[in-house]
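For reference, the chains in residue letters:
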Amino acid sequence: MPGNAALYDWGISQRKEDFETVERAQSYYGLYRTQRTWINMSTGRRASATILGLQAYYPLSVRWRLKDGREYMLEDIDVDAIMREYFKTHDIKLPWQRENRTKARVGDSDPMLAHEVKDDTVRLRWVVRTNRTPVDQRLTPQGAATRWDFSDEEYIVAVINGKPTAGIDFNKWFESRK
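Residues numbered from 1 in each chain as written. Predicted model: local features only at pLDDT ≥ 70, side-chain atom pairs only at ≥ 80, totals over all residues. Heavy atoms only, no water.

J.: Would you mind going over the packing of aromatic side chains with me for this structure?
T.: By convention here, two paired aromatic rings are described through the distance between centres and the angle between planes. In total, this model carries 9 aromatic pairs according to the counting rule given. Measuring from centroid to centroid gives 6.2 Å for W148 and F150, while their planes differ by 65 degrees, and the two rings are edge-to-face. Ring pairs connect the aromatic residues Y8, Y57, Y86, F87 and W126, which therefore count as one cluster. (Phe/Tyr/Trp six-rings, centres within 6.5 Å; stacked < 30°, edge-to-face > 60°.)

J.: Teacher, can you tell me more about the side chain of R65 here?
T.: Mapped onto the elements, R65 comes out in strand β6 (residues 60-66). Judged by its relative accessible area of 19%, R65 falls in the buried class. One polar contact links R65 to E71, side chain to side chain, over a distance of 2.9 Å. What R65 contacts, discounting residues up to four positions off in sequence, is V22, E23, R24, R70, E71, I168 and F170. (Helix = DSSP H or I, 4+ residues; strand = E, 2+ residues; numbered from the N terminus. Buried < 20%, exposed > 50% of the residue type's maximum accessible area, 1.4 Å probe, protein only. Polar contact = N/O pair within 3.5 Å; in protein donor to acceptor, adjacent residues only side chain to side chain. Contact = heavy atoms within 4.5 Å.)

J.: Which parts of the structure should I look at to understand the sheet that holds β6?
T.: Strand pairs in the sheet, formed through backbone hydrogen bonds, run parallel or antiparallel to each other. The strand order β4-β2-β6-β7-β13 describes an open sheet built from 5 strands, whose pairing is antiparallel. Since the sheet does not close on itself, it has two edges, and those belong to β4 (39-40) and β13 (163-165), each with one partner. The pairing of strand β7 (residues 71-77) with β13 spans 3 bridges and is antiparallel. The residue bridging Y72 from the neighbouring strand is P164, located in β13. (Pairing = 2+ DSSP bridges.)

J.: Would you mind going over the sheet that holds strand β8 (residues 112-118) with me for this structure?
T.: Sheet architecture is open: 5 strands sit in the order β5-β1-β8-β9-β12, paired in mixed fashion. A strand with exactly one partner marks an edge of an open sheet, and here the two such strands are β5 (48-54) and β12 (150-161). Neighbour-to-neighbour, the strand axes of this sheet turn through a mean angle of 25 degrees, independent of strand direction. Across 11 bridges, strand β9 (residues 121-131) lies against β12 in antiparallel orientation. Looking at the pairing, N131 lines up with F150 of β12. (Axes fitted to C-alpha atoms, helices over the stretch in contact; angles between N-to-C directions.)

J.: Just checking my understanding: could you explain the pattern of salt bridges for this structure?
T.: Side-chain pairing between opposite charges can occur once the charged atoms of the two side chains come close. What the rule picks out here adds up to 21 salt bridges. Notably, a salt bridge pairs R138 with D108, separated by 2.9 Å at the nearest N-O pair. Taken together, the residues R138 in the loop between β9 and β10 (139-140) and D108 in the loop between α2 (95-98) and β8 connect sequence positions 30 residues apart. Where salt bridges share partners, they join R15, D18, E116, K118, D119, R123, R125 and E154 into one cluster. (Salt bridge = Lys/Arg side-chain N within 4 Å of Asp/Glu carboxyl O.)

J.: Explain the nonpolar core to me, please; I cannot follow it from the model alone.
T.: What tends to happen in soluble globular proteins is that the nonpolar side chains get buried as a cluster. Counting residues in each nonpolar core, the largest one holds 33 residues, and the members touching the most others are Y29, L60, W64, V79, L113 and W126. Of all the secondary-structure elements, those providing two or more residues to this core are β1 (8-12), β2 (22-29), β6, β7, α1 (79-89), β8, β9 and β12. Contacts of L60, omitting those with residues within four sequence positions, involve W10, S27, Y28, Y29, L74, E75, D76, I77, V79, H115, V122 and L124. (Core = buried A, V, L, I, M, F, W, Y, C linked by side-chain atoms within 4.5 Å.)

J.: What should I look at first to understand the pairing of β2 in this one?
T.: Buried residues dominate β2, accounting for 6 of its 8 residues. Alignment of β2 against β6, held across 7 bridges, turns out to be antiparallel. Looking across to β6, one finds that Y28 is bridged to S61.

J.: I tried to follow α1 on my own but got confused; where do I start?
T.: Along an α-helix, a turn takes 3.6 residues, which lines up residues three or four apart on a common side. By the burial criterion, the buried members of α1 are V79, M83 and Y86. Taken around the axis of α1, the buried residues stretch over an arc of 65 degrees, which confines them to a single face. The exposed residues of α1 that point more than 90 degrees off its buried face are K88 and T89. Where the residues of α1 are buried, they touch β2, β6, β7, β8, β9 and β12. (Arc of directions from axis to C-beta.)

If you want it as structure tokens, here you go:
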């Protein structure tokens, strides 16, 4: 994980401009291979985590339909293998490491592993959020400062081509598999 972090968050980092050709998209990230609960993907201002405090990588499945009617699916993407390969040649430092602090402080975030759909591909990326508020100004006698200043850095890990399919029932949220 970035900076040898003990934990990471999982979520969606879907840019509006990259979603323009997409009609509908759903994903599942989890341990269970015999059942899935699909979550809708949508655009947002910032990358947002849906699962916090993970210590291991899990398989990712994504299904989506483009506005021209083409449908794609990727099942059980081996995120663990992708990360092993990525970190053989990449070293992502966390903000507190770049600032030469010995450990994270209040207001520092865990890295987030995010995914998005663009046309016929799924992208995996690390999002590292930096709290630019000086550490000594993050807390006041009344509690947290009223406004912290954040910025995000994103690192594309993999771009995976979808496999064409047809007949996806996007209204079927829960799925049992054998």
